Amino acid sequence: MWRIGLKMLMGDRAKYFTLVGGVSVVVFLFVQQGSVFCGLIGRTAKPVEAIGAPIWVVDRNLQVVDEFKGLLDTDLLRVRSVEGVKWAVPLFIRQAQVRLPNGKFQAVRLVGIDSATLVGRPPRLLEGNIEDLNAPDAVIVGRAEMERLGSPKIGDTFEINDRRARVVGIADVPRDFLSNPYLYTTFERAVQYVPRERKLMNYILAAPKEGYTTQQVLENIQRTTGLAAYDEDGMRWLTMNYYMRNTGIPVNIGISVVLVFLVGMAVIGQTFYAFALQNEKYFGALKAMGAGSGTLVGMIVLQSIIVGLIGYGIGAGGGSLVGYLGGRGAGKLAFYTPYQLLIISFAATMLICVLSSLLSIQRVLRLEPAVVFRG
């Protein structure tokens, strides 16, 4: 009976390709929209990944990594004195304006790291040496969006707040949500590139001693200093949750996904119903020969599952191909496809196919065997 059901499904090539094509389009849009959402939200936390520190100490009211809430110099000393802290260094992250040689201005993400330890350095240097950062006026440029700075090379110069900056290296830095170039320099030089304020340090990076877990040190810092402390993953989620709560990204993409689901059910359901109408004489013949309703329902469910599996493979492959061609999330297209998204899209596809087949199942269950003898 299963073989007969498959022959009925694939016998009419036009209906078969319509069903598979409809499912493929639904899955493609589902994966594509979901991957864009994950890519956009993931990019909001790229500044945290670009620093890569085990422990972040911040102001208790900090909501997002892009927010500037200064810390006192005494806060750094207090963190260093906390039990279980191996080392603690200052970090400066802030938006700044670069004046290019052609007179134009460009916003950048200025990162000032500890000059002694260079903790918070770029993840990977493509050109230059990290030690050159201690040279006068030295900065390292992140490759992402560096064309906005005129694609500078080592030795090129520009101005930040009327102060000279000279490129000594190019780093492989991930593209972030704001799509501004990264500039790394020392902490002392970074605070000279921005307007003077009473509190210039806005982050403290730290690491646990041997024999202490990260969670133990986080609790000790919070209890002793009254500041907030996060590990790298916690800092990432702090930022991502802020953008999910306070921007329209989840709502806009969520509406698109719901519409894809509803339209997919409507199109596939109508196609399945037309398929049942076209093959009702065959179902009637099977009923006349003694096939039970459970057998016929099983045949229809099998047909919907086969269509769903083939359509899912084509649609998920097409959606992933778009992300690959778009630079696998490192290009202009924000695209990230976690395995959870593929599982959710697979479950949604099977649900759409099974629910859509209910229309044809009802038609078959009400079918009289005598239909085979009409006209």
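Everything numeric in this text was worked out from a predicted model, so none of it was measured. (Residues numbered from 1 in each chain as written. Predicted model: local features only at pLDDT ≥ 70, side-chain atom pairs only at ≥ 80, totals over all residues. Heavy atoms only, no water.)

A word on the overall build of the protein. A tally of helices and strands in the protein yields 11 helices and 10 strands. For the protein, the proportion of its 375 residues judged to be buried stands at 46%. Taking the contacts inside the protein whose residues are at least 6 apart along the sequence as the reference set, 80% of them involve residues at least 24 apart. With the model as given, the accessible surface of the protein reaches about 17,900 Å², and the carbon-plus-sulfur share is 57%. (Helix = DSSP H or I, 4+ residues; strand = E, 2+ residues; numbered from the N terminus. Buried < 20%, exposed > 50% of the residue type's maximum accessible area, 1.4 Å probe, protein only. Contact = heavy atoms within 4.5 Å. Areas by Shrake-Rupley, 256 points an atom, 1.4 Å probe, with all protein chains shown as cover.)

Right, let's get into the UniProt feature "transmembrane region" (unreviewed entry) in the protein. In this numbering, the UniProt entry assigns the feature "transmembrane region" (unreviewed entry) to residues 253-275, 296-319 and 339-359. Measuring from the first to the last C-alpha atom of residues 253-275 gives 32 Å, for a span that is 100% helix and 0% strand. The span residues 296-319 carries 100% helix and 0% strand; its end-to-end C-alpha distance comes to 34 Å. (UniProt positions renumbered as here; feature names shortened; annotations may be inferred.)

The next point concerns the packing of helix α2 (residues 13-44) against helix α7 (residues 232-246). Axis separation between α2 and α7 bottoms out at 8 Å; the angle between their running directions is 125°. By the angle class used here, α2 and α7 are oblique. Considering the relative orientation of α2 and α7, their crossing is right-handed. Mapping the contact onto sequence places F37, I41, G42 and T44 in α2 and T239, M240, Y243 and M244 in α7. Residue composition of the contact of α2 with α7, by class: five nonpolar, three polar and no charged. (Axes fitted to C-alpha atoms, helices over the stretch in contact; angles between N-to-C directions. Parallel < 35°, antiparallel > 145°, perpendicular 65-115°, else oblique. Left-handed = near helix turned anticlockwise from the far one by under 90°. Nonpolar A, V, L, I, M, F, W, Y, C, P; charged D, E, K, R; others polar.)

For the rest of this paragraph, the subject is the pairing of strand β6 (residues 157-160). Only one face of β6 is buried, namely the one carrying F158 and I160, since none of T157 and E159 on the opposite face is buried. Of the strand pairs in this sheet, strand β2 (residues 85-99) and β6 are connected by two bridges, and their pairing is antiparallel. For V98, the partnering residue across the bridge sits in β6 and is I160. In this sheet, strand β7 (residues 163-171) lies alongside β6 in antiparallel orientation, the contact comprising four bridges. Counted as the bridge partner of T157 is R166 from β7. Counted along the chain from β6 to the antiparallel partner β7, the turn is two residues long, and its residue N161 has a positive phi close to 55°. (Pairing = 2+ DSSP bridges.)

This next bit is on the side chain of Q106. Looking at where Q106 falls in the secondary structure, it is placed in strand β3 (residues 105-113). The class of Q106 is buried, set by a relative accessible area of 13%. Residues in contact with Q106, not counting those within four places in the same chain, are A96, Q97, V98, R148, L149, N180 and P181.

To continue, consider the pairing of strand β1 (residues 55-58). Side chains I55 and V57 project from β1 onto one buried face, and the interleaved W56 and V58 project onto a second face that is buried too. As paired strands, β1 and strand β9 (residues 203-208) are joined by three bridges and run antiparallel to one another. Across the sheet, V57 pairs through a bridge with I204, a residue of β9.

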